[in-house]
Amino acid sequence: MKSAVLRERSGALLLVMPVLAFLAVFFLWPLWTMVTAAFVDDAVSKVLPRTAASIVSWNGQGVPSEATRKALVQDLSAASDEQALGEAVRRLNSAASGFRTLLGRTIPAVKAAPDPAQVDLLAVDPRWSDTRFWVALKEAMPPYTDRNILAAVDLKRDTSGSIVAEAADVSAHRLIMLRTLMVAAMVTVACAVIGLPYAMLAASLTGWKRSVLLLAVVLPLWTSLLVRTAAWFILLQNEGLINRALQAVGLIDSPMPLIFNRLGVVIAMTHVLLPFMVLPIYSVILGIPRNLMSAAQSMGAGPLRAFWRVLLPLSLPGLLSGSLLVFMVAIGYYITPALVGGANDQMISSVIAFYATGTANWGLAGALGLILLVVTTVLYAIYGRFSTSQQVPGA
């Protein structure tokens, strides 16, 4: 009996193994990589271990002791892993501008010296007398750091270790995050304004008319996001179809600025995300008994009052679920703002892509991605609660 149960469980485990492997490779592993990139900062300490042990006692004033300088020379002389050394140089240069050229001059001098112990860093390059390079070196030594998380919200630690606000001209991550939330909110409102009456109309029809309306809203989901965005890129131009049509009917005299601005981003994203608003509302309205509106009108309520007091409250769970779903997807958008928006319309995903591929600052990219993940997870939990608690009237 026990062996039969064991075989049954083993067979079930083998059946789900491909799914578990898929989740581990394409979800858990990238997630763990992002989290470690945000908090792990051992690129410098693993290349300069002697310097890490010596500089910890330095008070951050002036130039470290000769022993610390000698330790740095020994580490640079012993460094043989070019890739690890390059990562350390990139990390230090991101903390103090000019570190790349400083080490680019120091490392060859150290390796070419007959006796590295006799190399004087101050003689190799006078910039080693600049305290800011040594401060950046000391701050880069701890293997774990909250520097990236703080930088993602425009904060930093001062020389005393206290958390302070970053200089206004250094970073604008909070402004970009606020812009992301604002654009997502605008798109959500636009989808709600269009989606609610559209879902009501689709639910009120039957037969092929309902099928046509549902097909019209679902059809964009079968088209590539890049293709849809490229289509809006053409439609919204000054000589595009929309401006030409408005000029042809006499509504405008000159082309409206519909592209490379916030309006173009909202229009394109609303078109892409509208199905995520219409379908939840439609599924809720479809379960509302049709005779409720007739009963309200028979009791003296006009169409508008019947809608406000009967249909809208009953369809509210679908509207809230759709709004959360649209907002949750919108905050992570990258392609549409990048192609249709201007410089002041880029969202947090564009910044993450810039740090990951443009500057190779994986720590900050991981920190921003982690914040976006937390926000999305919270919204998803709220959406799941609305979805599970949603009851179909009359069921």
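How each quantity is defined
- Residues numbered from 1 in each chain as written.
- Predicted model: local features only at pLDDT ≥ 70, side-chain atom pairs only at ≥ 80, totals over all residues.
- Heavy atoms only, no water.
- Helix = DSSP H or I, 4+ residues; strand = E, 2+ residues; numbered from the N terminus.
- Rg over C-alpha atoms; globule rule 2.2 N^0.38 Å.
- Areas by Shrake-Rupley, 256 points an atom, 1.4 Å probe, with all protein chains shown as cover.
- Lys, Arg positive; Asp, Glu negative; His and termini not counted.
- Charge placed at Lys NZ, Arg CZ, Asp CG, Glu CD.
- 1 Å grid on protein atoms, 1.4 Å probe; cavity = no way out; pocket = protein on both sides within 12 Å on 5 of 7 lines; lining within 4 Å.
- Points joined across faces, edges and corners; volume = space filled by probe spheres on them.
- Nonpolar A, V, L, I, M, F, W, Y, C, P; charged D, E, K, R; others polar.
- Salt bridge = Lys/Arg side-chain N within 4 Å of Asp/Glu carboxyl O.
- Buried < 20%, exposed > 50% of the residue type's maximum accessible area, 1.4 Å probe, protein only.
- Axes fitted to C-alpha atoms, helices over the stretch in contact; angles between N-to-C directions.
- Parallel < 35°, antiparallel > 145°, perpendicular 65-115°, else oblique.
- Left-handed = near helix turned anticlockwise from the far one by under 90°.
- Contact = heavy atoms within 4.5 Å.

(A) Layout of the overall build of the chain. Within the chain one finds 18 helices and two strands. Against the globule reference of 21 Å for 395 residues, the chain gives a C-alpha radius of gyration of 30 Å, more extended than a compact globule. For the chain, the spread of C-alpha atoms along the three principal axes comes to 100 × 85 × 35 Å. Carbon and sulfur atoms make up 67% of the accessible area of the chain, which amounts to about 21900 Å² in all. On the chain, the mean spot of the 29 positive side-chain charges and the mean spot of the 21 negative ones are 15 Å from each other.

(B) Structural detail: the layout of surface pockets. In this structure, the largest pocket occupies an estimated 1200 Å³ of space. Every residue lining the largest pocket is counted, 41 residues in all, and those nearest its centre are Ala95, Glu139, Arg147, Lys156 and Arg157. Put simply, the parts of the chain that give the lining of the largest pocket at least two residues each are α2 (49-55), α4 (82-95), α7 (131-139), α8 (147-152), β1 (155-157) and α9 (173-204). No other element matches α7, which puts five residues into the lining of the largest pocket. Residue composition of the lining of the largest pocket, by class: 18 nonpolar, 13 polar and ten charged. Within this model, the second largest pocket holds a volume of roughly 470 Å³. Lining the second largest pocket are 18 residues, with Ala43, Glu87, Ala360, Trp362 and Gly363 sitting closest to its centre. Looking at the lining of the second largest pocket, the elements that each hand over two or more residues are α1 (2-39), α4, α8 and α18 (362-389).

(C) Region of interest: the pattern of salt bridges. Scanning the model with the defined rule gives eleven salt bridges in all. Among the salt bridges present, the one from Asp130 reaches Arg132, with a minimum N-O distance of 3.2 Å. Exposure remark for Arg132: the relative accessible area of 41% places this residue in the partly exposed category. It is possible to trace a salt-bridge network through shared partners that takes in Asp41, Arg91 and Arg147.

(D) Quick peek at the packing of helix α11 (residues 225-235) against helix α13 (residues 262-286). Where α11 contacts α13, the two axes come as close as 10 Å, and the packing angle between them is 140°. Comparing the axis directions of α11 and α13 gives the class oblique. By crossing handedness, the relation of α11 to α13 is classed as right-handed. Together, Leu225, Arg228 and Trp232 of α11 and Ile267, Ala268, His271 and Val272 of α13 make up the contact between the two elements.

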